[in-house]
Amino acid sequence: MMGTNQARSQQLRIEVDFNVCADHGQCAIAAPDIFRIDDKGHLVFDANPDAALHADADDAADACPEQAITIID
Amino acid sequence: MTTAVDEAPYFDIESPDFAIKSEQVYAARERSWYARTSYGLAVLRYDEMSRLLKHPKLRQGSVAWPAHNGITEGPFAEWWASWVLNKEGEEHHRLRRLMNPAFSPRLIGGLVPRFQALANELIDGFAEPGRCEFMSEFANPYAARVIAIMLGLPEEEWPVIASESAAIGLAMGITLRTELPRITRALANLYAYADDLIAARRAQPRDDFVTALVKAADEGDKLSDDELRDGLVLLIFGGFDTTRNQLGLAMQTFLDNPAQWRLLASRPELGKKAVEEVMRVNPTVTWVTREALEDFTFEGLDVAAGTTVHLFSQSAGTDPRAFPDCGFDIEAERKPHYGFGGGAHHCLGHFVARSDMSEALPLLARRLVDPRLGGTATWLPDSGNTGPVTLPIAFTPAS
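Residues numbered from 1 in each chain as written. Chains lettered and ligands numbered in written order. Predicted model: local features only at pLDDT ≥ 70, side-chain atom pairs only at ≥ 80, totals over all residues.

Peer 1: Which parts of the structure should I look at to understand helix α2 (residues 23-31) of chain B?
Peer 2: What sets the pattern is the α-helix's 3.6 residues per turn: residues three or four places apart point alike. Residue and element names in this part refer to chain B. Taken together, the buried positions of α2 are V25, A28 and R29. Each buried residue of α2 sits inside an arc of 105° when the element is viewed along its axis, so together they form one side. Looking at α2, the residues exposed on the side facing more than 90 degrees away from the buried face are E23, A27, E30 and R31. Contacts made by the buried residues of α2 are with β2 (34-37), β9 (308-312) and α16 (313-317). (Buried ≥ 20, exposed ≤ 12 C-beta atoms within 10 Å, placed from the backbone. Helix = DSSP H or I, 4+ residues; strand = E, 2+ residues; numbered from the N terminus. Arc of directions from axis to C-beta. Contact = placed C-beta atoms within 7 Å.)

Peer 1: How do you make sense of the sheet that holds β2 of chain B when you look at a structure like this?
Peer 2: Two orientations exist for strands paired in a sheet by backbone hydrogen bonds: parallel and antiparallel. Residue and element names in this part refer to chain B. Taken in spatial order, the six strands make up an open sheet running β1-β2-β3-β9-β6-β4, and their pairing is mixed. Sheet topology places β1 (10-11) and β4 (58-60) at the edges, where each strand pairs with a single neighbour. In this sheet, β2 lies alongside β1 in parallel orientation, the contact comprising two bridges. If you follow F11 over to β2, its bridge partner there is T37. On top of the sheet, helix α3 (residues 46-53) reaches β3 (40-43), β4, β6 (287-292) and β9; it is set at about 130° to β9, its chief contact. (Pairing = 2+ DSSP bridges. Axes fitted to C-alpha atoms, helices over the stretch in contact; angles between N-to-C directions.)

Peer 1: Would you mind showing me how to read the interface of chain A and chain B here?
Peer 2: Counting residues at the interface gives 14 residues for chain A and 18 residues for chain B. Of all elements in the fold, only α2 (26-30) and α3 (54-63) of chain A reach the threshold of two or more residues within the side of chain A that touches chain B. Tallied by class, residues from the side of chain A that touches chain B come to five nonpolar, five polar and four charged. (Nonpolar A, V, L, I, M, F, W, Y, C, P; charged D, E, K, R; others polar.)

Peer 1: When you look at the sheet that holds strand β10 (residues 368-373) of chain B in this model, what are you seeing that I'm missing?
Peer 2: All names here are of chain B. Spatially, the three strands line up as an open sheet ordered β5-β13-β10, and their pairing is antiparallel. The sheet is open, and its two borders are formed by β5 (131-133) and β10, each paired with just one other strand. Recorded for the sheet is a direction-independent mean angle of 30° between the axes of neighbouring strands. As defined by bridge partners, β10 adjoins strand β13 (residues 392-397) across four bridges and the pair is classed as antiparallel. Note on β13: the bridge partner recorded for V369 is T396. Sheet contacts for helix α9 (residues 134-151): β5 and β13; angle to β5, the most-contacted strand, approximately 65°.

Peer 1: Honestly, the environment of D370 of chain B in this entry has me stumped. Any pointers?
Peer 2: Residue and element names in this part refer to chain B. Structurally, D370 can be placed in strand β10. Sequence separation between D370 and A259 is 111 residues, and the spatial gap between their C-alpha atoms is 9.3 Å. The residues touching D370, leaving out its near neighbours within four places in the chain, are P258, F395 and T396.

Take a look at the structure:
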(Lines give C-alpha, C1' and ligand atoms only; values in the text may rest on other atoms or scores of the structure.)
Protein backbone atom coordinates (compact mmCIF):
# COMPACT_ATOMS: atom_id res chain seq x y z
CA MET A 1 0.00 0.00 0.00
CA MET A 2 2.66 2.43 1.10
CA GLY A 3 4.82 1.44 -1.85
CA THR A 4 2.21 1.98 -4.54
CA ASN A 5 1.19 5.34 -3.06
CA GLN A 6 4.76 6.47 -3.01
CA ALA A 7 5.28 5.45 -6.61
CA ARG A 8 2.16 7.28 -7.60
CA SER A 9 3.02 10.42 -5.66
CA GLN A 10 6.08 10.92 -7.88
CA GLN A 11 3.79 12.38 -10.50
CA LEU A 12 0.86 14.76 -10.52
CA ARG A 13 -2.17 14.40 -12.70
CA ILE A 14 -3.37 17.56 -14.39
CA GLU A 15 -6.63 18.01 -16.22
CA VAL A 16 -7.61 21.01 -18.35
CA ASP A 17 -11.22 21.62 -19.31
CA PHE A 18 -10.86 22.64 -22.95
CA ASN A 19 -14.52 23.69 -23.07
CA VAL A 20 -13.51 26.53 -20.76
CA CYS A 21 -9.82 27.13 -21.61
CA ALA A 22 -9.46 30.37 -23.61
CA ASP A 23 -5.72 30.08 -24.33
CA HIS A 24 -4.88 33.14 -22.23
CA GLY A 25 -1.61 31.44 -21.29
CA GLN A 26 -1.54 32.52 -17.63
CA CYS A 27 -0.66 28.93 -16.66
CA ALA A 28 2.36 29.04 -18.98
CA ILE A 29 3.55 32.16 -17.13
CA ALA A 30 2.94 30.64 -13.69
CA ALA A 31 4.34 27.17 -14.47
CA PRO A 32 6.40 27.19 -17.67
CA ASP A 33 7.77 23.70 -16.95
CA ILE A 34 4.26 22.23 -17.27
CA PHE A 35 2.28 24.51 -19.58
CA ARG A 36 3.18 26.17 -22.87
CA ILE A 37 1.44 28.14 -25.61
CA ASP A 38 2.40 26.73 -29.02
CA ASP A 39 3.16 28.67 -32.20
CA LYS A 40 -0.51 28.68 -33.15
CA GLY A 41 -1.44 30.25 -29.81
CA HIS A 42 -2.93 27.08 -28.26
CA LEU A 43 -2.25 25.50 -24.89
CA VAL A 44 -0.17 22.34 -24.64
CA PHE A 45 0.78 20.79 -21.31
CA ASP A 46 2.34 17.85 -19.51
CA ALA A 47 -0.55 15.96 -17.91
CA ASN A 48 1.76 13.99 -15.58
CA PRO A 49 4.56 16.27 -14.40
CA ASP A 50 6.94 15.46 -11.57
CA ALA A 51 5.42 15.93 -8.12
CA ALA A 52 8.20 18.39 -7.33
CA LEU A 53 6.27 20.85 -9.51
CA HIS A 54 3.20 20.74 -7.28
CA ALA A 55 3.52 24.32 -6.05
CA ASP A 56 3.94 25.60 -9.61
CA ALA A 57 0.94 23.56 -10.75
CA ASP A 58 -1.16 25.05 -7.94
CA ASP A 59 -0.05 28.55 -8.94
CA ALA A 60 -1.07 27.83 -12.53
CA ALA A 61 -4.49 26.53 -11.47
CA ASP A 62 -5.00 29.62 -9.30
CA ALA A 63 -3.87 32.00 -12.01
CA CYS A 64 -6.15 30.59 -14.73
CA PRO A 65 -8.77 33.29 -15.42
CA GLU A 66 -11.28 30.66 -16.53
CA GLN A 67 -10.45 28.23 -13.69
CA ALA A 68 -10.03 25.44 -16.23
CA ILE A 69 -7.20 23.55 -14.50
CA THR A 70 -7.63 20.73 -11.97
CA ILE A 71 -4.70 19.15 -10.09
CA ILE A 72 -5.32 15.61 -8.92
CA ASP A 73 -2.93 14.48 -6.18
CA MET B 1 -4.80 44.72 -50.03
CA THR B 2 -4.56 48.48 -49.63
CA THR B 3 -7.93 48.89 -51.32
CA ALA B 4 -9.56 46.91 -48.52
CA VAL B 5 -8.07 49.35 -46.03
CA ASP B 6 -9.37 52.30 -47.98
CA GLU B 7 -12.89 50.90 -48.14
CA ALA B 8 -13.08 50.26 -44.42
CA PRO B 9 -15.04 52.63 -42.15
CA TYR B 10 -13.04 55.47 -40.58
CA PHE B 11 -13.25 56.88 -37.01
CA ASP B 12 -11.53 59.99 -35.68
CA ILE B 13 -11.19 58.43 -32.22
CA GLU B 14 -9.41 61.48 -30.81
CA SER B 15 -12.30 63.79 -31.64
CA PRO B 16 -14.54 64.78 -28.71
CA ASP B 17 -17.50 63.91 -30.94
CA PHE B 18 -16.50 60.28 -31.32
CA ALA B 19 -18.37 57.82 -29.10
CA ILE B 20 -17.53 54.16 -28.76
CA LYS B 21 -21.06 53.23 -27.76
CA SER B 22 -22.70 54.78 -30.80
CA GLU B 23 -24.73 53.98 -33.88
CA GLN B 24 -21.67 55.04 -35.91
CA VAL B 25 -19.68 52.13 -34.46
CA TYR B 26 -22.54 49.62 -34.66
CA ALA B 27 -23.24 50.56 -38.30
CA ALA B 28 -19.53 50.20 -39.12
CA ARG B 29 -19.53 46.77 -37.42
CA GLU B 30 -22.19 45.62 -39.90
CA ARG B 31 -20.02 46.75 -42.83
CA SER B 32 -16.64 45.51 -41.70
CA TRP B 33 -14.87 43.65 -38.89
CA TYR B 34 -12.43 46.54 -38.57
CA ALA B 35 -12.23 50.28 -39.06
CA ARG B 36 -9.34 52.61 -39.73
CA THR B 37 -8.91 55.33 -37.13
CA SER B 38 -6.85 58.45 -36.48
CA TYR B 39 -4.65 56.19 -34.31
CA GLY B 40 -4.37 52.69 -35.75
CA LEU B 41 -7.00 50.06 -36.48
CA ALA B 42 -10.19 49.39 -34.54
CA VAL B 43 -11.55 45.84 -34.32
CA LEU B 44 -15.33 45.78 -34.01
CA ARG B 45 -16.50 42.13 -34.01
CA TYR B 46 -16.33 39.42 -31.35
CA ASP B 47 -14.62 36.61 -33.23
CA GLU B 48 -11.84 38.82 -34.59
CA MET B 49 -11.32 40.45 -31.19
CA SER B 50 -11.15 37.05 -29.54
CA ARG B 51 -8.39 35.89 -31.89
CA LEU B 52 -6.43 39.15 -32.00
CA LEU B 53 -6.48 39.54 -28.21
CA LYS B 54 -4.19 36.51 -27.95
CA HIS B 55 -2.50 36.77 -31.35
CA PRO B 56 1.23 35.89 -31.17
CA LYS B 57 2.14 38.72 -33.60
CA LEU B 58 0.66 41.36 -31.28
CA ARG B 59 2.04 42.76 -28.04
CA GLN B 60 0.21 44.81 -25.45
CA GLY B 61 -0.11 48.20 -27.11
CA SER B 62 -0.48 50.81 -24.36
CA VAL B 63 3.28 51.27 -24.08
CA ALA B 64 3.27 53.85 -26.89
CA TRP B 65 0.33 55.86 -25.51
CA PRO B 66 2.26 58.58 -23.63
CA ALA B 67 4.63 59.11 -26.58
CA HIS B 68 1.64 59.29 -28.91
CA ASN B 69 0.44 62.16 -26.71
CA GLY B 70 3.84 63.87 -26.84
CA ILE B 71 4.96 62.72 -23.37
CA THR B 72 8.37 61.05 -23.59
CA GLU B 73 9.99 61.85 -20.24
CA GLY B 74 9.22 62.75 -16.64
CA PRO B 75 7.71 60.76 -13.79
CA PHE B 76 4.54 59.85 -15.63
CA ALA B 77 6.37 58.40 -18.67
CA GLU B 78 8.71 56.48 -16.34
CA TRP B 79 5.89 55.04 -14.26
CA TRP B 80 3.93 54.06 -17.36
CA ALA B 81 6.95 52.20 -18.75
CA SER B 82 7.34 50.37 -15.41
CA TRP B 83 3.86 48.84 -15.48
CA VAL B 84 3.60 45.08 -15.60
CA LEU B 85 0.96 45.78 -18.28
CA ASN B 86 3.59 47.42 -20.45
CA LYS B 87 6.23 44.71 -20.05
CA GLU B 88 6.58 41.70 -22.30
CA GLY B 89 8.34 38.34 -22.23
CA GLU B 90 10.25 37.05 -19.23
CA GLU B 91 10.35 40.45 -17.52
CA HIS B 92 6.55 40.55 -17.60
CA HIS B 93 6.25 36.93 -16.48
CA ARG B 94 8.55 37.46 -13.48
CA LEU B 95 6.48 40.42 -12.19
CA ARG B 96 3.25 38.60 -12.86
CA ARG B 97 4.41 35.48 -10.97
CA LEU B 98 5.34 37.61 -7.97
CA MET B 99 2.00 39.41 -7.89
CA ASN B 100 -0.35 36.53 -8.78
CA PRO B 101 -0.47 34.75 -5.39
CA ALA B 102 -2.02 37.79 -3.72
CA PHE B 103 -4.96 37.53 -6.12
CA SER B 104 -5.72 33.83 -5.91
CA PRO B 105 -9.42 32.91 -5.78
CA ARG B 106 -8.85 31.01 -2.52
CA LEU B 107 -7.52 34.09 -0.73
CA ILE B 108 -10.23 36.34 -2.09
CA GLY B 109 -13.01 33.90 -1.20
CA GLY B 110 -12.19 34.51 2.46
CA LEU B 111 -12.94 38.21 2.06
CA VAL B 112 -16.54 37.78 0.89
CA PRO B 113 -18.10 38.39 4.36
CA ARG B 114 -16.15 41.65 4.60
CA PHE B 115 -17.37 42.75 1.16
CA GLN B 116 -20.97 42.09 2.23
CA ALA B 117 -20.57 43.93 5.53
CA LEU B 118 -18.99 46.87 3.75
CA ALA B 119 -21.81 47.12 1.19
CA ASN B 120 -24.42 47.07 3.94
CA GLU B 121 -22.55 49.64 6.01
CA LEU B 122 -22.38 52.04 3.04
CA ILE B 123 -26.09 51.66 2.21
CA ASP B 124 -26.94 52.20 5.90
CA GLY B 125 -24.89 55.39 5.76
CA PHE B 126 -26.66 57.10 2.84
CA ALA B 127 -27.28 60.71 3.85
CA GLU B 128 -30.93 60.74 2.81
CA PRO B 129 -33.50 57.95 2.74
CA GLY B 130 -34.59 57.13 -0.79
CA ARG B 131 -31.82 59.07 -2.54
CA CYS B 132 -28.08 58.79 -3.04
CA GLU B 133 -25.29 60.03 -5.20
CA PHE B 134 -24.28 56.52 -6.15
CA MET B 135 -20.62 57.21 -7.00
CA SER B 136 -19.57 59.22 -3.92
CA GLU B 137 -21.82 57.38 -1.46
CA PHE B 138 -21.32 53.84 -2.73
CA ALA B 139 -19.06 53.06 -5.72
CA ASN B 140 -16.08 55.18 -4.61
CA PRO B 141 -15.90 54.12 -0.96
CA TYR B 142 -16.74 50.51 -1.81
CA ALA B 143 -14.02 50.14 -4.47
CA ALA B 144 -11.43 52.04 -2.41
CA ARG B 145 -12.11 50.20 0.83
CA VAL B 146 -11.88 46.85 -0.96
CA ILE B 147 -8.34 47.88 -1.99
CA ALA B 148 -7.62 48.95 1.59
CA ILE B 149 -8.82 45.54 2.83
CA MET B 150 -6.68 43.76 0.23
CA LEU B 151 -3.53 45.76 1.01
CA GLY B 152 -4.05 45.97 4.78
CA LEU B 153 -4.40 49.75 4.72
CA PRO B 154 -6.56 51.63 7.23
CA GLU B 155 -10.01 51.74 5.62
CA GLU B 156 -10.61 55.32 6.77
CA GLU B 157 -7.88 56.41 4.37
CA TRP B 158 -10.02 55.44 1.39
CA PRO B 159 -10.44 59.03 0.11
CA VAL B 160 -6.70 59.17 -0.69
CA ILE B 161 -6.98 55.98 -2.75
CA ALA B 162 -10.12 57.27 -4.45
CA SER B 163 -9.08 60.77 -5.42
CA GLU B 164 -5.54 59.99 -6.58
CA SER B 165 -6.55 56.85 -8.49
CA ALA B 166 -9.34 58.68 -10.29
CA ALA B 167 -6.83 61.32 -11.36
CA ILE B 168 -4.45 58.67 -12.73
CA GLY B 169 -7.38 57.07 -14.56
CA LEU B 170 -7.53 60.19 -16.74
CA ALA B 171 -4.26 59.00 -18.29
CA MET B 172 -6.19 56.32 -20.23
CA GLY B 173 -8.33 58.76 -22.15
CA ILE B 174 -7.83 61.25 -24.93
CA THR B 175 -7.51 64.15 -22.45
CA LEU B 176 -4.18 62.81 -21.16
CA ARG B 177 -2.12 65.78 -22.31
CA THR B 178 -4.32 68.45 -20.71
CA GLU B 179 -4.67 66.44 -17.49
CA LEU B 180 -0.95 65.66 -17.19
CA PRO B 181 -0.16 68.09 -14.31
CA ARG B 182 -3.00 66.62 -12.24
CA ILE B 183 -1.99 63.07 -13.12
CA THR B 184 1.65 63.75 -12.19
CA ARG B 185 0.65 65.21 -8.80
CA ALA B 186 -1.56 62.19 -8.09
CA LEU B 187 1.28 59.86 -9.00
CA ALA B 188 3.66 61.65 -6.61
CA ASN B 189 1.10 61.36 -3.80
CA LEU B 190 0.55 57.64 -4.40
CA TYR B 191 4.32 57.07 -4.58
CA ALA B 192 4.71 58.68 -1.16
CA TYR B 193 1.82 56.60 0.12
CA ALA B 194 3.34 53.38 -1.20
CA ASP B 195 6.77 54.27 0.22
CA ASP B 196 5.22 54.83 3.66
CA LEU B 197 3.39 51.52 3.41
CA ILE B 198 6.56 49.63 2.45
CA ALA B 199 8.53 51.28 5.29
CA ALA B 200 5.78 50.44 7.78
CA ARG B 201 5.74 46.75 6.81
CA ARG B 202 9.55 46.57 6.88
CA ALA B 203 9.51 47.98 10.41
CA GLN B 204 6.57 45.88 11.58
CA PRO B 205 5.82 42.87 9.38
CA ARG B 206 2.25 41.60 9.29
CA ASP B 207 0.59 38.54 7.88
CA ASP B 208 -0.55 40.38 4.78
CA PHE B 209 0.01 40.89 1.08
CA VAL B 210 2.29 43.93 1.32
CA THR B 211 4.53 42.20 3.87
CA ALA B 212 4.77 39.22 1.51
CA LEU B 213 5.83 41.50 -1.34
CA VAL B 214 8.36 43.33 0.86
CA LYS B 215 9.83 39.98 1.91
CA ALA B 216 10.07 38.91 -1.73
CA ALA B 217 11.89 42.14 -2.50
CA ASP B 218 14.25 41.78 0.44
CA GLU B 219 15.12 38.12 -0.16
CA GLY B 220 17.55 38.62 -3.02
CA ASP B 221 17.00 40.25 -6.37
CA LYS B 222 13.42 39.21 -6.98
CA LEU B 223 11.88 42.66 -6.85
CA SER B 224 13.65 46.01 -6.70
CA ASP B 225 12.38 48.80 -4.46
CA ASP B 226 11.20 50.71 -7.51
CA GLU B 227 9.35 47.69 -8.84
CA LEU B 228 7.74 47.20 -5.46
CA ARG B 229 6.59 50.81 -5.30
CA ASP B 230 5.44 50.93 -8.93
CA GLY B 231 3.59 47.66 -8.46
CA LEU B 232 1.74 48.87 -5.37
CA VAL B 233 0.71 52.09 -7.11
CA LEU B 234 -0.55 50.05 -10.06
CA LEU B 235 -2.56 47.80 -7.74
CA ILE B 236 -4.09 50.76 -5.92
CA PHE B 237 -4.95 52.58 -9.12
CA GLY B 238 -5.87 49.56 -11.23
CA GLY B 239 -8.10 48.11 -8.56
CA PHE B 240 -9.92 51.27 -7.66
CA ASP B 241 -10.62 53.18 -10.83
CA THR B 242 -11.92 50.25 -12.86
CA THR B 243 -14.14 48.87 -10.08
CA ARG B 244 -15.76 52.19 -9.20
CA ASN B 245 -16.44 52.85 -12.88
CA GLN B 246 -17.79 49.36 -13.47
CA LEU B 247 -20.15 49.63 -10.49
CA GLY B 248 -21.45 52.94 -11.84
CA LEU B 249 -21.93 51.45 -15.30
CA ALA B 250 -23.72 48.47 -13.74
CA MET B 251 -26.14 50.83 -12.04
CA GLN B 252 -26.67 52.72 -15.30
CA THR B 253 -27.48 49.45 -17.10
CA PHE B 254 -29.91 48.31 -14.40
CA LEU B 255 -31.66 51.71 -14.34
CA ASP B 256 -32.54 50.94 -17.97
CA ASN B 257 -33.55 47.35 -17.13
CA PRO B 258 -35.79 47.49 -14.04
CA ALA B 259 -37.16 43.95 -14.47
CA GLN B 260 -33.59 42.59 -14.36
CA TRP B 261 -32.96 44.55 -11.12
CA ARG B 262 -36.03 43.00 -9.52
CA LEU B 263 -34.89 39.57 -10.70
CA LEU B 264 -31.45 40.12 -9.13
CA ALA B 265 -33.06 41.24 -5.85
CA SER B 266 -35.10 38.06 -5.66
CA ARG B 267 -32.27 35.77 -6.79
CA PRO B 268 -28.97 37.01 -5.30
CA GLU B 269 -27.18 33.90 -6.60
CA LEU B 270 -27.37 35.61 -10.03
CA GLY B 271 -24.82 38.18 -8.80
CA LYS B 272 -21.94 36.51 -10.63
CA LYS B 273 -23.79 36.29 -13.92
CA ALA B 274 -25.03 39.87 -13.50
CA VAL B 275 -21.42 41.08 -13.32
CA GLU B 276 -20.51 39.20 -16.50
CA GLU B 277 -23.57 40.46 -18.36
CA VAL B 278 -22.95 44.08 -17.33
CA MET B 279 -19.33 43.83 -18.43
CA ARG B 280 -20.37 42.40 -21.78
CA VAL B 281 -22.71 45.26 -22.72
CA ASN B 282 -21.25 48.13 -20.68
CA PRO B 283 -17.54 47.59 -19.87
CA THR B 284 -15.48 50.38 -18.32
CA VAL B 285 -12.49 49.35 -20.41
CA THR B 286 -13.97 50.34 -23.75
CA TRP B 287 -10.94 49.33 -25.75
CA VAL B 288 -7.97 47.01 -25.28
CA THR B 289 -4.86 48.04 -27.18
CA ARG B 290 -2.33 45.89 -29.03
CA GLU B 291 0.65 46.70 -31.24
CA ALA B 292 1.95 44.64 -34.17
CA LEU B 293 5.39 43.17 -33.43
CA GLU B 294 6.01 42.40 -37.12
CA ASP B 295 4.17 42.54 -40.45
CA PHE B 296 1.38 39.97 -40.67
CA THR B 297 -1.85 39.29 -42.54
CA PHE B 298 -5.11 38.66 -40.74
CA GLU B 299 -8.39 37.91 -42.52
CA GLY B 300 -6.94 39.36 -45.72
CA LEU B 301 -5.79 42.58 -44.07
CA ASP B 302 -2.09 43.41 -44.09
CA VAL B 303 -1.05 44.78 -40.71
CA ALA B 304 2.35 46.51 -40.70
CA ALA B 305 4.79 46.21 -37.80
CA GLY B 306 4.17 48.97 -35.27
CA THR B 307 0.46 49.35 -36.13
CA THR B 308 -1.72 50.06 -33.10
CA VAL B 309 -4.79 47.83 -32.92
CA HIS B 310 -7.68 48.90 -30.68
CA LEU B 311 -9.97 46.00 -29.78
CA PHE B 312 -13.37 47.56 -29.06
CA SER B 313 -14.65 45.48 -26.12
CA GLN B 314 -18.17 46.88 -26.04
CA SER B 315 -18.69 46.57 -29.77
CA ALA B 316 -17.42 42.96 -29.66
CA GLY B 317 -19.58 42.21 -26.61
CA THR B 318 -22.74 43.34 -28.40
CA ASP B 319 -21.84 41.85 -31.79
CA PRO B 320 -25.02 40.11 -33.06
CA ARG B 321 -22.85 37.46 -34.76
CA ALA B 322 -21.74 36.20 -31.33
CA PHE B 323 -24.81 37.24 -29.33
CA PRO B 324 -27.84 36.87 -31.60
CA ASP B 325 -30.23 37.65 -28.76
CA CYS B 326 -28.12 40.47 -27.39
CA GLY B 327 -30.64 42.00 -24.99
CA PHE B 328 -29.50 42.47 -21.39
CA ASP B 329 -30.36 39.23 -19.59
CA ILE B 330 -28.58 38.13 -16.41
CA GLU B 331 -29.96 34.60 -16.75
CA ALA B 332 -28.69 33.97 -20.29
CA GLU B 333 -25.75 31.65 -21.01
CA ARG B 334 -23.18 33.77 -22.84
CA LYS B 335 -19.80 33.41 -24.42
CA PRO B 336 -17.02 35.04 -22.38
CA HIS B 337 -16.75 38.82 -22.65
CA TYR B 338 -13.41 40.61 -22.91
CA GLY B 339 -14.01 43.29 -20.29
CA PHE B 340 -10.93 42.01 -18.44
CA GLY B 341 -8.84 41.87 -21.61
CA GLY B 342 -7.23 38.51 -22.32
CA GLY B 343 -4.04 36.61 -22.99
CA ALA B 344 -0.81 37.27 -21.10
CA HIS B 345 -2.11 40.66 -19.89
CA HIS B 346 -5.49 39.43 -18.69
CA CYS B 347 -6.56 41.60 -15.73
CA LEU B 348 -4.57 40.54 -12.67
CA GLY B 349 -7.28 41.54 -10.20
CA HIS B 350 -10.33 40.05 -11.95
CA PHE B 351 -11.17 37.61 -9.13
CA VAL B 352 -11.34 40.53 -6.70
CA ALA B 353 -13.46 42.62 -9.05
CA ARG B 354 -15.76 39.72 -9.87
CA SER B 355 -16.10 38.76 -6.24
CA ASP B 356 -16.70 42.23 -4.78
CA MET B 357 -19.13 43.30 -7.50
CA SER B 358 -21.08 40.03 -7.41
CA GLU B 359 -21.63 40.62 -3.69
CA ALA B 360 -22.47 44.31 -4.01
CA LEU B 361 -25.00 44.17 -6.86
CA PRO B 362 -27.56 41.72 -5.39
CA LEU B 363 -27.33 43.49 -2.04
CA LEU B 364 -28.01 46.85 -3.70
CA ALA B 365 -30.85 45.29 -5.70
CA ARG B 366 -32.48 44.00 -2.54
CA ARG B 367 -32.18 47.25 -0.59
CA LEU B 368 -32.67 49.89 -3.32
CA VAL B 369 -36.09 49.10 -4.73
CA ASP B 370 -37.27 50.64 -8.01
CA PRO B 371 -34.19 52.83 -8.62
CA ARG B 372 -34.38 55.66 -11.14
CA LEU B 373 -32.21 58.57 -12.17
CA GLY B 374 -32.51 61.23 -9.44
CA GLY B 375 -30.83 64.17 -11.18
CA THR B 376 -28.28 64.83 -13.87
CA ALA B 377 -25.40 62.36 -14.09
CA THR B 378 -21.93 63.51 -15.20
CA TRP B 379 -19.58 61.29 -17.19
CA LEU B 380 -15.93 60.62 -17.85
CA PRO B 381 -14.83 60.78 -21.50
CA ASP B 382 -16.18 57.88 -23.54
CA SER B 383 -12.71 56.66 -24.56
CA GLY B 384 -10.24 54.76 -22.41
CA ASN B 385 -11.69 53.81 -19.02
CA THR B 386 -15.16 55.29 -18.85
CA GLY B 387 -17.89 55.57 -16.21
CA PRO B 388 -20.01 58.08 -14.33
CA VAL B 389 -18.37 60.88 -12.36
CA THR B 390 -21.62 61.41 -10.49
CA LEU B 391 -24.81 59.35 -10.70
CA PRO B 392 -27.68 60.63 -8.54
CA ILE B 393 -30.39 58.04 -8.06
CA ALA B 394 -33.73 57.91 -6.27
CA PHE B 395 -35.20 54.67 -4.95
CA THR B 396 -37.63 53.16 -2.49
CA PRO B 397 -35.79 51.84 0.57
CA ALA B 398 -36.56 48.16 1.19
CA SER B 399 -38.78 47.73 4.20
